[in-house]
Amino acid sequence: MTTPTEVTLERLTAMFEALGLRSQLEAEDGTVVVPFTNMAFICQINDGGIFSVHGLWRGDLSEPADLAEISNLVQHHNATALMPKVYISANPEGAPQLHTEANTIVMAGMTDDQLSEYLQASLSLSMRVATVLEEALPHLVTWQDELPDVSDQDETEKDA
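So, here's what we can say about the structure. (Residues numbered from 1 in each chain as written. Predicted model: local features only at pLDDT ≥ 70, side-chain atom pairs only at ≥ 80, totals over all residues. Heavy atoms only, no water.)

Here's the deal with a nonpolar patch on the surface
Then, in step 1: A grouping of I50, I105 and M107 is seen on the molecular surface, where their side chains present a nonpolar patch of about 300 Å² in accessible area.
Then, in step 2: Note that I50 resides in strand β4 (residues 50–57). (Patch = residues over 30% accessible without salt bridge, like charges linked within 9 Å, V, L, I, M, F, W, Y side chains within 5 Å. Areas by Shrake-Rupley, 256 points an atom, 1.4 Å probe, with all protein chains shown as cover. Salt bridge = Lys/Arg side-chain N within 4 Å of Asp/Glu carboxyl O. Helix = DSSP H or I, 4+ residues; strand = E, 2+ residues; numbered from the N terminus.)

Structural notes on the packing of helix α1 (residues 9–18) against helix α3 (residues 112–136)
Then, in step 1: Look at α1 against α3: their axes get within 11 Å of each other, and the N-to-C directions meet at 65°. When the interaxial angle is binned, α1 and α3 end up roughly perpendicular. The two elements α1 and α3 meet at a crossing, and its hand is right-handed. Residues R11, L12, M15 and F16 of α1 form the contact with α3, whose participating residues are D112, L115, S116, L119 and L123.
Then, in step 2: Among the residues forming the contact of α1 with α3, the class breakdown is six nonpolar, one polar and two charged. (Axes fitted to C-alpha atoms, helices over the stretch in contact; angles between N-to-C directions. Parallel < 35°, antiparallel > 145°, perpendicular 65-115°, else oblique. Left-handed = near helix turned anticlockwise from the far one by under 90°. Contact = heavy atoms within 4.5 Å. Nonpolar A, V, L, I, M, F, W, Y, C, P; charged D, E, K, R; others polar.)

Some remarks on the environment of P84
Then, in step 1: Here P84 shows up in the loop between α2 (64–80) and β5 (85–90).
Then, in step 2: For the pair P84 and H99, spaced 15 residues apart in the sequence, the C-alpha separation amounts to 9.5 Å.
Then, in step 3: In this structure, P84 is in contact with H77, N78, T100, E101, A102, L125, S126 and V129, ignoring residues within four places of it in sequence.

Comments concerning α1
Turn by turn, an α-helix covers 3.6 residues, leaving residues three or four places apart pointing in a common direction.
Then, in step 1: Where α1 is concerned, the buried positions are L9, R11, L12, T13, M15 and F16.
Then, in step 2: In this structure, the buried residues of α1 make contact with β1 (24–26), β2 (31–35), β3 (39–45), β4 and α3.
Then, in step 3: Immediately downstream of α1, the backbone of G20 shows phi near 80°, a positive value. (Buried < 20%, exposed > 50% of the residue type's maximum accessible area, 1.4 Å probe, protein only.)

Description of the nonpolar core
Then, in step 1: Counting residues in hydrophobic clusters, the biggest one holds 31 residues, and the most contacted among them are F51, W57 and I70.
Then, in step 2: For this core, the secondary-structure elements that each account for two or more residues are α1, β2, β3, β4, α2, β6 (96–105) and α3.
Then, in step 3: Sort the elements by how many residues they give to this core and α3 lands first, with seven residues.
Then, in step 4: Leaving out residues up to four positions away in the same chain, W57 has contacts with N38, M39, I70, Q97, L98, A130, L133, E134, L140 and W143. (Core = buried A, V, L, I, M, F, W, Y, C linked by side-chain atoms within 4.5 Å.)

Remarks on the pattern of salt bridges
Then, in step 1: Enumeration over the complete set of coordinates arrives at one salt bridge.
Then, in step 2: Taking the shortest distance from any N to any O, the salt bridge between E101 and K85 comes out at 4.0 Å. In this pair, E101 is assigned in strand β6 and K85 in strand β5, connecting sequence segments 16 residues apart.
Then, in step 3: Given the relative accessible area of 16%, E101 is considered buried.

As for α2
Then, in step 1: Helix length check: α2, at 17 residues, gives a terminal C-alpha distance of 24 Å against a target of 24 Å (1.5 Å per residue), a fit within 8%.
Then, in step 2: The set of residues buried in α2 consists of D66, I70, V74 and H77. Angularly, the buried residues of α2 cover 70° about the axis, an arc narrow enough to put them on a single face. Every exposed residue of α2 that faces more than 90 degrees away from the buried side is listed here: P64, A65, Q75, H76, A79 and T80.
Then, in step 3: Those residues of α2 that are buried are in contact with β4, β5, β6 and α3. (Expected span 1.5 Å × (residues − 1). Arc of directions from axis to C-beta.)

Here we look at the pairing of β3
Then, in step 1: Strand direction decides the pairing type here: β2 and β3, joined by five bridges, are antiparallel. Paired with V33 across the bridge in β3 is I42.
Then, in step 2: If you look at the hairpin formed by β2 and β3, you'll find three residues sitting between the two strands.
Then, in step 3: As paired elements, β3 and β4 share seven bridges and run antiparallel to each other. Note on β4: the bridge partner recorded for A40 is L56.
Then, in step 4: Between β3 and β4, which pair antiparallel and follow one another directly, the connecting turn spans four residues, one of which, G49, has a positive phi of 80°. (Pairing = 2+ DSSP bridges.)

What follows is the structure in structure tokens.
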């Protein structure tokens, strides 16, 4: 059994590494950034002991019809799911952007196992929201061209 310890950004970075996830500690603003192809997550612990896992989805919401559809999906999610909270707000350039957010109060009593479970739940439930949006509006997925090119792989690698 792990013993409770203070939650620090360094501890979170180590947990992401143990989960096999890339992360980058941004010490100047007190965050840990965890990138995925379709989302980026920003994790932080504020002075009040609240741990936040904030996701930013890469979908382009500039078309009014798409924004209306996404808004309906967001409202449905928030009415039926416990977490994460999902909302749309303007990015610094004024364009609408979809966010996911999960928060929990952490104290020195939270074990590594508990914190790891919370991290995994926050990430996986946020990614589930992204999957629902991407299945409902597949034309918003414009980042597939950034995935690795598999054309150079031999047939055994493609079958793996």
